[in-house]
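Below are the chains, spelled out letter by letter.
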Amino acid sequence: MKLARRLQAIKPSPTLALNSRAKALAAQGVDVVVLAAGEPDFDTPDYVKQAAVDAIRAGFTKYTATNGIPELREAVCRKLERDNGLRFTPEQVLVTSGGKQALYNFCQAVLDEGDEVLIFAPYWVSYPDMVHLAGATPVIVPTREEDGFAPDPDAIRRALTPRTRAVIINSPGNPTGAVYSRAALQGIADVLRPHDCFIVTDDIYEKLLYTDERLGISDVAPDLVPRLVVINALSKSHAMTGWRMGYVAGPRPLIAAMQLVQDQSTSNASSIGQKAALAALNGPPDTVTAMAKEYHARRDFFVAGLNALDGIKCRLPEGAFYALADVRGLYGRSFKGKPVTGSMQLSEILLDEFRVAAVPGDPFGAEGYIRMSFATSRAVLEKGLVRLGELVKALT
Ligand SMILES: Cc1ncc(COP(=O)(O)O)c(C=O)c1O
């Protein structure tokens, strides 16, 4: 069977693959500790569910405009002004089926073959593949844990070329949980200022914060707002991963082009989901802060537990719900006579022998690390730590 050439560069999502393996094991009755998922374990707030029920009962079940219902786009504008100090008009907003579709539409609308997008590693696995799907080239800029996983401006400068069409910023980031400091954002802004490219900010984890301050690039460089593309979703903040509700705001001609992509692919995001998203955006902030508070406590407990294990080191993430643990201290030790040499192998041993699903760092551009989500109960995290301890003990 002949398939499209551009698919040859695409890898299946390792997180989804690992999750389905873990789920298959669990379905067979195996007691698996799943730390691989990128989703909240909380339920969607009741007021959000109610808005969806009301929408169904009221027969709000038909096509809407592709870019979304006006009241939702207005609510997005209010949110962006309130939380991010950004002023957009509803014409500059496109409602999408999750943050993923917003990013995908962006790539399809902007990138031609040969174009380049700068991505800071460690990165969310889908960024490079979405760029590939548009026929363009992801250019990976490594960052260092010692720098809080923030990119070195000189490294960005070296990676920029006349073909660079966009740079993606993700703070708090997946998989690092890193929140960029003012100085880091300033460094990025200064190096990008003379270069005519879009600045995409993926703010999906902005509400899951364990530090006092989280700034966006627009806070340090308001002059760059005309080429800013803000991507967000209700998935993580409101525990709405399955609802597939996201949005993007940016320059009017770009949003129009992205809408065209959506017009000819999926049309509007679910009408019912839009009503739910509206309720979420207009809803009380305390449900979100309560979830963030619980993640905060879990983070402290889980990361301390990881750091107590010989050979594992974990930086305290300032946001999101991932612990990115440095496992290089385990490399070179042997499991059943075979030396451990990489994160893929370690994740396999963890799942097959210790029944812990943790994602290898390699597909995130973070070889030497494994990513574990603490968006799960403390009891599960505790069990995970016990099993990780058993792995460490079993290595010789
Ligand atoms: C950094 C980042 N951006 C975007 C997304 C996509 O989110 P959604 O489920 O809203 O499509 C994810 C999901 O894991 C993510 O981690």
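Structural data are supplied above this passage.
Not measured: the values here are computed from a predicted model.

A. Expanded view of the packing of helix H4 (residues 98-110) against helix H5 (residues 126-133). Packing of H4 against H5 leaves a shortest axis separation of 8 Å and a crossing angle of 35°. In this structure, H4 meets H5 at a crossing whose hand is right-handed. Residues Lys100, Leu103, Tyr104, Cys107 and Gln108 of H4 lie in contact with H5, whose contacting residues are Ser126, Tyr127, Met130, Val131 and Leu133.

B. Quick peek at the nonpolar core. Within the largest apolar cluster, 50 residues are counted, with the highest numbers of intra-cluster contacts made by Leu72 and Leu192. A total of 6 residues in this core trace back to one element, the largest contributor, which is helix H7 (residues 182-192). Aside from chain neighbours lying at most four places away, what touches leucine 192 is Ile156, Leu160, Val167, Cys197, Ile199 and Arg227.

C. Fine view of the site of the ligand. Taken together, the neighbourhood of the ligand is formed by 14 residues, with Asp202, Tyr205, Ser235, Lys236 and Arg244 sitting nearest. One of the backbone nitrogen or oxygen atoms of glycine 99 is found 2.8 Å away from an oxygen atom of the ligand. At 2.8 Å from an oxygen atom of the ligand is found a side-chain nitrogen or oxygen belonging to tyrosine 205. About the coverage of the ligand: the protein hides 92% of its 400 Å² of free accessible area.

D. Spotlight on the sheet that holds strand S5 (residues 164-169). One open sheet accounts for 7 strands, arranged S2-S8-S7-S6-S5-S3-S4; its pairing is mixed. Either end of the sheet is taken by a strand with one partner, and the two such strands are strand S2 (93-96) and strand S4 (137-142). Going from strand to strand, the sheet's axes swing by 20° on average, the running direction of each strand aside. Across 6 bridges, the pairing between strand S3 (residues 116-121) and S4 is parallel. In the sheet register, glutamate 116 faces S4, and the bridge partner there is threonine 137. Contacts from H4 reach S2, S5, strand S6 (198-202), strand S7 (228-233) and strand S8 (246-249) within the one sheet, and its direction differs from that of S7 by about 150°. Sheet strands touched by H5: S3, S4, S5 and S6. Its angle to S4, the strand with the most contacts, is close to 155°.

Quick notes on the rules
- Residues numbered from 1 in each chain as written.
- Predicted model: local features only at pLDDT ≥ 70, side-chain atom pairs only at ≥ 80, totals over all residues.
- Heavy atoms only, no water.
- Axes fitted to C-alpha atoms, helices over the stretch in contact; angles between N-to-C directions.
- Helix = DSSP H or I, 4+ residues; strand = E, 2+ residues; numbered from the N terminus.
- Left-handed = near helix turned anticlockwise from the far one by under 90°.
- Contact = heavy atoms within 4.5 Å.
- Core = buried A, V, L, I, M, F, W, Y, C linked by side-chain atoms within 4.5 Å.
- Buried < 20%, exposed > 50% of the residue type's maximum accessible area, 1.4 Å probe, protein only.
- Near = heavy atom within 4 Å.
- Polar contact = N/O pair within 3.5 Å; in protein donor to acceptor, adjacent residues only side chain to side chain.
- Areas by Shrake-Rupley, 256 points an atom, 1.4 Å probe, with all protein chains shown as cover.
- Pairing = 2+ DSSP bridges.

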